[in-house]
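A look at the structure
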Amino acid sequence: RLVSLAALICIAACLISMNLFVRANDAARDRPLPWLFVAATVFGAGVWATNFIAFEPGFPINYDAGLTAISFLAAIGTVWLGMSVVHRYADPEEGGAIIGAGIAAMHYIGMAALRAPAQLHWDAGYVLVSIAIAMTFAAAAMRVSSWGPALRGRLMAVVLLVLAIVGLHFTAMAAVICNS
C-alpha cells in the first residue's frame, strides 16, 4: 500500500508542478517567480515524500532530523534553480540536468540521514548511473515541456520526470550494500 501511495504522490507532484511551470512560462516576463517557486515546492516536496514513504527496509530505522530537513530543502532549492534556468535562459537541458541532480541530492542526503542497526556502503558505479538517469530523464522532461502549453508535451514531461525519480530511486537502492 505504501508503494502505491508513493506512486500516486509522485505522479501528482509531477503533473501539478508541470502545470505550474507552464503557468510560469505564460506569466508576464517580470512575474514568473511565484509560479516557479510554487512549482518547485510542489515537485520537491512530492519527490521527497515519495522517497520517504516508499522505503521500508524490514528493520527499525530512524532519521537524523537535520539531514532530513536539508534533503527537503535541497530538493526544492535545486528544482527551483533548474526551473529558473529553463525559464530565464531557455535552456531546458541544463535546467533539467540541475533538476535531476536535485533529485539525486535529495535522495542521497536523505539516505545519509538514515539511522539503522547496520552499516550502509555504496557501490560507486550504481551511484553514478543513478545520478545520470535522473539528470538525463529530467533534462528530457524539460526539453519536452518547452514544446509549449500543449497537453501532449506536459504529459510526456510528467512521464519523463516520473522515470527520472523512479530510475534514480531503484538504481540508487541497488547501490546500497548493507553490513550488520
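Residues numbered from 1 in each chain as written. Predicted model: local features only at pLDDT ≥ 70, side-chain atom pairs only at ≥ 80, totals over all residues. Heavy atoms only, no water.

What follows concerns the side chain of Ser 145. On the secondary structure map, Ser 145 appears in helix α5 (residues 124–145). Residue classification places Ser 145 among the buried positions, given a relative accessible area of 5%. For Ser 145, the contacting residues outside a window of four places in its chain are Met 18, Phe 21 and Ala 157. (Helix = DSSP H or I, 4+ residues; strand = E, 2+ residues; numbered from the N terminus. Buried < 20%, exposed > 50% of the residue type's maximum accessible area, 1.4 Å probe, protein only. Contact = heavy atoms within 4.5 Å.)

Okay, the pattern of salt bridges next. Evaluated as defined, the whole model comprises 2 salt bridges. Between Arg 115 and Asp 64 there is a salt bridge whose closest N-O contact spans 3.9 Å. With Arg 115 in strand β2 (residues 114–115) and Asp 64 in the loop between β1 (62–63) and α3 (65–89), this residue pair connects regions lying 51 residues apart in the sequence. Of the charged contacts in the structure, one is a salt bridge between Glu 93 and Arg 143, with a shortest N-O distance of 2.7 Å. On the criterion of sequence distance, the pair formed by Glu 93 in helix α4 (residues 92–112) and Arg 143 in helix α5 is long-range, its members being 50 residues apart. (Salt bridge = Lys/Arg side-chain N within 4 Å of Asp/Glu carboxyl O.)

Moving on, we come to the side chain of Ser 71. Within the fold, Ser 71 resides in helix α3. Polar side-chain contacts of Ser 71 include one of 3.0 Å to the side chain of Trp 48. (Polar contact = N/O pair within 3.5 Å; in protein donor to acceptor, adjacent residues only side chain to side chain.)

One recurring pattern in soluble globular proteins: nonpolar side chains tend to sit buried together. Membership of the largest hydrophobic core comes to 36 residues, with the highest contact counts inside it found for Cys 14, Met 18, Phe 43, Met 83, Ile 99 and Ile 103. Looking at this core, the elements that each hand over two or more residues are α1 (2–26), α2 (33–53), α3, α4, α5 and α6 (151–174). No other element matches α6, which puts 9 residues into this core. For Cys 14, the residues in contact, after removing those within four places along its chain, are Phe 43, Val 158, Leu 161, Val 162 and Ile 165. (Core = buried A, V, L, I, M, F, W, Y, C linked by side-chain atoms within 4.5 Å.)

This next bit is on the packing of α2 against α4. In contact at an axis separation of 10 Å, α2 and α4 are set at 40° when each is read in the N-to-C sense. Relative to α4, the element α2 is oriented oblique. For the pair α2 and α4, the crossing hand works out as right-handed. Residues Phe 43, Val 47, Trp 48, Asn 51 and Phe 52 of α2 lie in contact with α4, whose contacting residues are Ile 99, Ile 103, Met 106, His 107 and Gly 110. Of the residues assigned to the contact of α2 with α4, the class counts are 7 nonpolar, 3 polar and no charged. (Axes fitted to C-alpha atoms, helices over the stretch in contact; angles between N-to-C directions. Parallel < 35°, antiparallel > 145°, perpendicular 65-115°, else oblique. Left-handed = near helix turned anticlockwise from the far one by under 90°. Nonpolar A, V, L, I, M, F, W, Y, C, P; charged D, E, K, R; others polar.)

With that out of the way, let us pick up α3. In this model α3 runs 36 Å from its N-terminal to its C-terminal C-alpha over 25 residues, within 8% of the 36 Å that 1.5 Å per residue would give. Buried within α3 are the following residues: Thr 68, Ser 71, Ala 74, Ala 75, Ile 76, Val 79, Gly 82, Met 83, Ser 84, Val 85, Val 86 and His 87. Of the residues flanking the end of α3, it is Ala 90, one or two places downstream, whose phi is positive at about 50°. (Expected span 1.5 Å × (residues − 1).)

A separate point is the environment of Leu 120. Relative to the helices and strands, Leu 120 resides in strand β3 (residues 119–122). Apart from residues lying up to four places away in sequence, Leu 120 is in contact with Met 111, Leu 114, Val 176, Ile 177 and Cys 178.

Moving on: unusual backbone geometry. Positive phi, close to 50°, is recorded for Ala 90, a residue that is not glycine. Structurally, Ala 90 is set in the loop between α3 and α4. Under the relative-accessibility criterion, Ala 90 is labelled exposed at 62%.

Glancing now at the packing of aromatic side chains. Overall, the coordinates contain 4 aromatic pairs when judged by the stated rule. Taking 4.9 Å as the distance between ring centres and 45° as the angle between the ring planes, the aromatic pair formed by Trp 48 and Phe 52 counts as tilted. A residue pair is termed a helical-turn pair when its members lie 3 or 4 positions apart in one helix, as Trp 48 and Phe 52 do in helix α2 at 4 residues. Residue class for Trp 48 comes out partly exposed when judged on its relative accessible area of 23%. Arranged with centres 5.0 Å apart and planes meeting at 70°, the rings of Phe 52 and Tyr 63 form a pair that is edge-to-face. (Phe/Tyr/Trp six-rings, centres within 6.5 Å; stacked < 30°, edge-to-face > 60°.)

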